[in-house]
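One-letter residues, chain by chain:
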Amino acid sequence: MRVIIKKDYEECSVWAANHIADAIKKFNPDEEKPFVIGLPTGSTPLGIYGKLAEKCRAKELSFKNVISFNMDEYVGLAPDNENSYRYFMNRNFFDLIDINKANTHLLDGCAADLEAECENFEKMIAESGGIKLFLGGIGNDGHLAFNEPGSSLTGRTHVQLLTEDTRSVNSRFFGGDISKVPEKALTVGTGTICDAEEVLIIASGRAKACAVAAAVEGCVSQVWPVSVLQLHKNAVIVCDEAAAEELRFKTVKYFMEMENSGAEASFN
């Protein structure tokens, strides 16, 4: 695991956007060999999406041969609902870049058979060749995608009952009314995320500090789903100083020394 500690959210977003852009350009995708990326929603990735869109407008980066799979979607919200994740992705990212919309995949929260929808999503990921890089954030309680505390650490895409804490945090997108937040969501499993060749997690703010500490220093546990990244061969956590506050001094010192020495191989 690598832990990158930056001053603030802006620096985290710049680092992550540059890392993703470099990964795509290094892969050099084409129609026969697309770059497959996993994407999140929420406030955390907005800075990253904005900077990637800037690179696309400047012709520094292209998404024409990129295929995307999003982490999750609310059950019961149609794609044109302003609180659906399809609507969010179109408005905040897909409409701003040169990606082929046919190559953007989100779960259908209004599918007649939700279990079949989840199984088909896993099938599509496999048929694409697998995800090269999965970008994500973490919840205050350590949830990864919508895999709430107690979720299987090897689970696949499934229907997830959302905790009251998660719904309360997300109510800010629903006018502060928790009753308007769906009680269920479709989400990729923790196992689905860990199948990616690289997992890049962004954490910003003091509210994420306990989750970051659990991810880096705690035991691997269903109580903190993000802790499963300790077992991944190529996981990167980028956090700001506020989100790193609960880490031990020696931990921070170690990871900062590793980054300053450029010893990337030491993290694998």
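Residues numbered from 1 in each chain as written. Predicted model: local features only at pLDDT ≥ 70, side-chain atom pairs only at ≥ 80, totals over all residues. Heavy atoms only, no water.

This part takes up the packing of aromatic side chains. Per the counting criterion, the structure on display carries 10 aromatic pairs. Seen from their ring centres, Phe 27 and Phe 35 are 5.5 Å apart, and the 75° between their planes marks the pair as edge-to-face. When the ring of Tyr 49 is compared with that of Phe 93, the centres are 4.4 Å apart and the planes differ by 15°; the resulting orientation is stacked. A residue pair is termed long-range when its members are at least 10 positions apart, and Tyr 49 in helix H2 (residues 46-57) and Phe 93 in the loop between helix H3 (85-92) and strand E5 (104-105) qualify at 44 residues. The class for Tyr 49 is buried, based on a relative accessible area of 0%. Through a chain of ring-to-ring contacts, three or more aromatic side chains come together here, namely Tyr 49, Phe 63, Phe 93 and Phe 94. (Phe/Tyr/Trp six-rings, centres within 6.5 Å; stacked < 30°, edge-to-face > 60°. Helix = DSSP H or I, 4+ residues; strand = E, 2+ residues; numbered from the N terminus. Buried < 20%, exposed > 50% of the residue type's maximum accessible area, 1.4 Å probe, protein only.)

Time to look at the sheet that holds strand E6 (residues 133-137). Two pairing modes exist for strands in a sheet, parallel and antiparallel, and in both the strands are linked by backbone hydrogen bonds. Reading across the sheet, the seven strands line up as E1-E10-E9-E6-E2-E3-E5 and stay open at both edges, with parallel pairing between neighbours. Single-partner strands in this sheet number two, and they are strand E1 (2-6) and E5. Pairing geometry for strand E2 (residues 35-39) and strand E3 (residues 66-70), over five bridges, is parallel. Bridged to Phe 35 within E3 is Val 66. Across the sheet, helix H1 (residues 9-27) touches E1, E2, E3, E6, strand E9 (198-203) and strand E10 (235-240), and the angle it forms with E9 is around 165°. (Pairing = 2+ DSSP bridges. Contact = heavy atoms within 4.5 Å. Axes fitted to C-alpha atoms, helices over the stretch in contact; angles between N-to-C directions.)

Considering the arrangement of structural elements, one finds Thr 41 in the loop between E2 and H2. According to the relative accessible area criterion, Thr 41 is buried, its value standing at 14%. For Thr 41, the residues in contact, after removing those within four places along its chain, are Asn 70, Asp 72, Tyr 85, Phe 88 and Met 89.

Next up on the list: the pattern of salt bridges. Taken as a whole and judged by the stated rule, the model has 10 salt bridges. The residue Arg 206 makes a salt bridge to Glu 246 at a minimum N-O spacing of 2.5 Å. Here Glu 246 lies in the loop between E10 and helix H8 (249-261) and Arg 206 lies in the loop between E9 and helix H7 (209-217), a separation of 40 residues in the sequence. Using a relative accessible area of 37% as the deciding quantity, one classes Glu 246 as partly exposed. Residues participating in the shared-partner salt-bridge network are Glu 122, Arg 156 and Asp 195. (Salt bridge = Lys/Arg side-chain N within 4 Å of Asp/Glu carboxyl O.)

The next subject is the sheet that holds strand E4 (residues 72-74). The three strands lie next to each other as E4-E8-E7, forming an open sheet whose pairing is antiparallel. Every interior strand has two partners, whereas the edge strands, E4 and strand E7 (158-161), have only one. Each strand axis lies, on average, 30° off the axis of its neighbour in the sheet, ignoring direction. In terms of strand pairing, E7 meets strand E8 (residues 184-187) through four bridges, oriented antiparallel. Residue pairing for E8: Gln 160 is matched across the bridge by Ala 185. Docked against the sheet, helix H4 (residues 114-127) engages E7 and E8, running at close to 120° with respect to E7.

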